[in-house]
Amino acid sequence: STRRLQGKTVLITGASSGIGRSTAFEFARTAPNAGLKLVLTARRFDTLQQIAADISKETNSNVKVHAVQLDVSDPAAIRGFVAGLPAEFRDIHILVNNAGLVRGVAKAPEIAEEDMEVMFQTNVTGLINMTQAILPIFLARGSEGGEGDIINIGSIAGREPYVGGSIYCATKAAVRSFTDSLRKELIATRIRVIGIDPGQVETEFSVVRFYGDKSKADAVYSGCEPLTPDDIAEVIVFAATRRQNVVIADTLIFPSHQG
Ligand code: NDP
């Protein structure tokens, strides 16, 4: 399966932390000497640069890493990012649409307008804009109408709504619906559209949810055993390394206590 990553370029959004960061490491560990290239994006550029350095050090790989600061909620920034990709990193084969967040826990009437906008612009509009920006590269590849992998990170929240999370749940239901529609639209091509919906994973996710309050975030995970970001990263890389004709279309993955 490592062979399938030979010479490939992988673009990951939200690679500065959690699942995105783990996914970058997992690709590098899986194919350390396959001429793999990683394009890592997020808003925190210093963190990305550190991760780029750590990947070559810790995985002892020859993977080439290009770190770019990018806010996916800014459509102009996405256009600029794609236009500015160095030639060496432009031939993207695998897009991991991972950047996302939840802000606040509040019943629908009390949700701050700004939180609502940030969640929709990042989780939904950002993911769609990124997909639209990269799709032409995929559509131009090969002789069968296009080739490449689009891996969208949704959430269990898009399937099982919870009180206090109506907007976040709605954004993730939108991700799921977009993913399923896109797969149908691209059915005649070799472009695989893969949806992965995690349950509870311990990352910075809940720190962001509680506006940086670490003690509130820690409380979420007390008394249960959440997944690790590596658990999700392994599934992402697994899906990307299947035979071309195998589409891992739709995966729900959660810790056993959450079932
Ligand atoms: P983290 O908070 O650890 O990581 C989120 C990543 O998204 C960070 O790298 C962050 O980077 C990036 N990000 C946030 N906003 C933007 C933006 N506007 N532009 C670019 N990058 C952005 O959380 P997770 O790893 O847990 O989250 C990854 C994905 O997994 C999200 O889509 C989340 O909804 C989903 N998920 C998480 C679950 C969990 O329990 N943890 C459960 C189900 C789904 P930076 O701040 O540097 O921009």
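Quick note: structure is the one above.
So, here is what we can say about the structure in this document. What you see is a predicted model, and the numbers here were worked out from it, not measured in a lab. (Residues numbered from 1 in each chain as written. Predicted model: local features only at pLDDT ≥ 70, side-chain atom pairs only at ≥ 80, totals over all residues. Heavy atoms only, no water.)

The local shell around the ligand holds 28 residues, among which Ser16, Ser17, Arg43, Tyr168 and Thr203 are the closest. Contacts to the ligand include Gly14, whose backbone N or O atom sits 3.0 Å from an oxygen atom. One of the backbone N or O atoms of Val201 is found 2.9 Å from an oxygen atom in the ligand. Summarising the interface, the protein chains cover 96% of the accessible area of the ligand, which totals 880 Å² for the free molecule. Secondary structure elements with two or more residues in the shell around the ligand: α1 (18-30) and α5 (166-185). Among the residues making up the shell around the ligand, the classes are represented as eleven nonpolar, twelve polar and five charged. (Near = heavy atom within 4 Å. Polar contact = N/O pair within 3.5 Å; in protein donor to acceptor, adjacent residues only side chain to side chain. Areas by Shrake-Rupley, 256 points an atom, 1.4 Å probe, with all protein chains shown as cover. Helix = DSSP H or I, 4+ residues; strand = E, 2+ residues; numbered from the N terminus. Nonpolar A, V, L, I, M, F, W, Y, C, P; charged D, E, K, R; others polar.)

The subject of this paragraph is the pairing of strand β4 (residues 94-97). Every second residue of β4 is oriented toward a common face, with Ile94 and Val96 on one face and Leu95 and Asn97 on the other, all of them buried. Bridging between strand β1 (residues 9-13) and β4 involves three bridges; their strand directions are parallel. Along β4, the bridge assignment pairs Val10 with Ile94. With four bridges joining them, β4 and strand β5 (residues 147-153) adopt parallel strand pairing. Opposite Asn97, over in β5, you have Asn152 as the bridge partner. (Buried < 20%, exposed > 50% of the residue type's maximum accessible area, 1.4 Å probe, protein only. Pairing = 2+ DSSP bridges.)

Right, let's talk about the sheet that holds strand β7 (residues 250-253) for a bit. The strand order across the open sheet built from seven strands is β3-β2-β1-β4-β5-β6-β7, with neighbouring strands paired in parallel fashion. The sheet terminates laterally at β3 (64-69) and β7, the two strands that pair on one side only. The sheet shows a mean angle of 15° between the axes of neighbouring strands, taken without regard to direction. Its contacts with the sheet put α1 on β1, β2 (37-42), β4 and β6 (190-198), and the angle it makes with β1 is roughly 165°. (Axes fitted to C-alpha atoms, helices over the stretch in contact; angles between N-to-C directions. Contact = heavy atoms within 4.5 Å.)

A few words now on unusual backbone geometry. Unusually for a residue other than glycine, Asn60 sits at a positive phi of about 50°. Within the secondary structure, Asn60 sits in the loop between α2 (45-59) and β3. One non-glycine residue, Tyr211, lies in positive phi territory at about 55°. Note on Tyr211: relative accessible area 55%, which makes it exposed.

The next thing to look at is the pattern of salt bridges. As enumerated under the stated definition, the model contains 16 salt bridges in all. Measuring nitrogen to oxygen at the nearest pair gives 3.3 Å for the salt bridge that ties Glu144 to Arg190. One end of the pair, Glu144, is in the loop between α4 (113-139) and β5; the other, Arg190, is in strand β6, and 46 residues separate them in sequence. Glu144 sits in the partly exposed class, given a relative accessible area of 43%. We note a salt bridge from Arg176 to Asp250, for which the minimum N-O separation is 3.0 Å. (Salt bridge = Lys/Arg side-chain N within 4 Å of Asp/Glu carboxyl O.)

Moving on to the nonpolar core. General note: in soluble globular proteins, nonpolar side chains tend to be found buried as a group. Phe27, Leu38, Leu40, Ile151, Ile196 and Ile236 are the most contacted members of the largest nonpolar core, which totals 35 residues. Mapped by element, the contributors of at least two residues to this core are β1, α1, β2, α2, β4, β5, β6 and α8 (229-240). At six residues, α8 tops the list of elements feeding residues into this core. Beyond its immediate chain neighbours, meaning those up to four positions away, Ile236 contacts Ile19, Thr23, Phe27, Val96, Ile151, Ile153 and Ile196. Within the second largest apolar cluster, 23 residues are counted, among which are Val82, Phe89, Ile134 and Ile191. (Core = buried A, V, L, I, M, F, W, Y, C linked by side-chain atoms within 4.5 Å.)

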